[in-house]
Amino acid sequence: MRENGPVTSATRQPETPASAVPPRLIATDLDGTLLRDDKSVSPRTVAALAAAEEAGIEVFFVTGRPARWMDVVSDHVHGHGLAICGNGAAVVDLHGGPGAHRFVKVRELARENALDAVRLVRDAAPGTVYAIEQTYGFYQEPAYPKLHLEIPDTLAPAEKLLAPDAPGADEPVLKILAFHPELDPDVFLDVARRALGDRANVTRSSPSALLEISGPGVSKASTLALCCAERGIAPKEVVAFGDMPNDVEMLTWAGQSYAMGNAHPDVLAAASGRTVDNNEDGVAVVIERMLAERR
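Residues numbered from 1 in each chain as written. Predicted model: local features only at pLDDT ≥ 70, side-chain atom pairs only at ≥ 80, totals over all residues. Heavy atoms only, no water.

### Considering the packing of helix α4 (residues 111-124) against helix α6 (residues 185-196)
Move 1: Contact geometry for α4 and α6: axes closest at 9 Å, N-to-C directions at 125 degrees. It follows from the interaxial angle that α4 and α6 lie oblique. Every pair of crossing elements has a handedness; the one defined by α4 and α6 is right-handed. Each of Ala117, Leu120, Val121 and Ala124 in α4 lies in contact with α6, whose residues at this interface are Phe188, Val191, Ala192, Ala195 and Leu196.
Move 2: Within the contact of α4 with α6, the residues separate by chemical class into nine nonpolar, no polar and no charged. (Axes fitted to C-alpha atoms, helices over the stretch in contact; angles between N-to-C directions. Helix = DSSP H or I, 4+ residues; strand = E, 2+ residues; numbered from the N terminus. Parallel < 35°, antiparallel > 145°, perpendicular 65-115°, else oblique. Left-handed = near helix turned anticlockwise from the far one by under 90°. Contact = heavy atoms within 4.5 Å. Nonpolar A, V, L, I, M, F, W, Y, C, P; charged D, E, K, R; others polar.)

### Details of the sheet that holds strand β9 (residues 173-179)
Move 1: Read from one edge to the other, the open sheet built from six strands follows the order β8-β7-β6-β9-β11-β10, with strand pairing classed as mixed. On the outer flanks of this sheet lie β8 (154-155) and β10 (201-203), each paired with one strand and no other.
Move 2: Where strand β6 (residues 129-134) lies against strand β7 (residues 138-140), three bridges are found, and the strand directions are antiparallel. When the sheet's bridge partners are listed, alanine 131 is paired in β7 with glutamine 140.
Move 3: On the sheet, α4 packs against β6, β9 and β11 (210-214) and is oriented at approximately 160 degrees with respect to β6.
Move 4: Packed onto the sheet, α6 meets β9, β10 and β11 and runs at close to 175 degrees relative to β10. (Pairing = 2+ DSSP bridges.)

### A word on the pairing of strand β3 (residues 82-85)
Move 1: The alternating pattern of β3 places Leu82 and Ile84 on one face and Ala83 and Cys85 on the opposite face, and all of these are buried.
Move 2: Where β3 lies against strand β4 (residues 90-93), four bridges are found, and the strand directions are antiparallel. Counterpart to cysteine 85 in the pairing with β4 is alanine 90.
Move 3: In textbook terms, the turn of a hairpin is the stretch between consecutive antiparallel strands, and for β3 and β4 this stretch comprises four residues, one of which, glycine 86, has a positive phi near 60 degrees. (Buried < 20%, exposed > 50% of the residue type's maximum accessible area, 1.4 Å probe, protein only.)

### Brief notes about unusual backbone geometry
Move 1: The backbone phi angle of asparagine 87 is positive, close to 55 degrees, even though this residue is not glycine.
Move 2: Here asparagine 87 shows up in the loop between β3 and β4.
Move 3: Among the residues examined, asparagine 87 registers a relative accessible area of 2% and is labelled buried.
Move 4: Even without being a glycine, aspartate 281 presents a positive backbone phi close to 60 degrees.
Move 5: Of note, aspartate 281 is situated in the loop between β14 (273-274) and α10 (282-294).

### A word on the confidence of the model for the protein chain
Move 1: Averaged over all residues, the pLDDT of the protein chain is 88; the fraction at 70 or higher stands at 87%.
Move 2: Under a pLDDT of 50 for its full length, residues 1-17 has, in the predicted model, 35 contacts with residues more than four places off or in other chains. (pLDDT = per-residue confidence, 0-100.)

### Comments concerning the sheet that holds β4
Move 1: Pairing is mixed across the open sheet formed by eight strands, whose spatial order is β5-β4-β3-β2-β1-β12-β13-β14. Both edges of this open sheet fall to β5 (102-106) and β14, since each of them pairs with a single strand only.
Move 2: Pairing of strand β2 (residues 58-62) with β3 involves two bridges; the strand directions are parallel. Bridge pairing in β3 links phenylalanine 61 to alanine 83.
Move 3: Helix α7 (residues 220-231) rests against β1 (25-28), β2, β3, β4, β5 and β12 (238-242) of the sheet, and its axis sits at about 155 degrees to β2.

### Some thoughts on the nonpolar core
Move 1: Judged by nonpolar contacts, the single largest core of 32 residues is most densely connected at Ile26, Phe61, Met70, Val92, Phe103, Phe241 and Ile287.
Move 2: Every element with two or more residues in this core is listed here: α1 (30-34), α2 (43-54), β2, β3, β4, β5, β12 and α10.
Move 3: Ranked by residue count, the leading element in this core is α10, at six residues.
Move 4: Formed by 26 residues, the second largest nonpolar core is a distinct cluster that contains Tyr130, Tyr139, Leu196 and Ile213. (Core = buried A, V, L, I, M, F, W, Y, C linked by side-chain atoms within 4.5 Å.)

### Regarding the environment of valine 248
Move 1: Following the sequence through the fold, valine 248 ends up in helix α8 (residues 248-253).
Move 2: For the pair formed by valine 248 and alanine 259, sequence separation is 11 residues and the distance between their alpha carbons is 9.3 Å.

Given below as structure tokens:
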């Protein structure tokens, strides 16, 4: 199902202390948060996720990763098997296991918006190069560096990759990856946001100057809000975890939120709490404490 209607937004509910509200859903980022630096999910974290679900708390993986990179956690989703991918551009059913993921919600970046974004960011930051993420395809410009462990389906200028007759033109565009070889990552993010305004949503999750451009209003937070509304779950019933700027809106929206010990300064400022870093199983630490308090 493609969806491009108004997105849901919400803010923290200050009149009710979040810690007093029993959580119904855990929303966790993956890289730098749930995953250790070697991209593994520790046995302690697997056990904590299982215990949360056994206690009736739903677990959502909320990531910038595309669906095809979700095999790393497919074995740990237990009963529900849903993940928000591409910074909110897709909700994916992982029940089928590796290679059999199914899209249940797609919030695409219209090709006209994508072409505008390519032009505007390149004008504002000359030297920017691009890759295009679609539901099943990955395409990039020849000068785009080897940042991902995969071979692109096609090498061509972004304008050709987004043309009506481009390879994969029948598939939705989920996001554009924009890389600059020289700019500071946060400076590049600021430049791109100023250039794009409300034409698209732009964020970053990489330590390098790599930006992720999605449709207007599409973010981890807005898609999580939509999924929670469908389930009758209020923001104050959500506990969220993250470490990078693409997590800030989600952490602000959730009733309880935790920045990892290794988090970006903007994340530390946005979250209502803090845990230890990803290599010390910071997500599991909070879940274990949360479940112990329910007994």
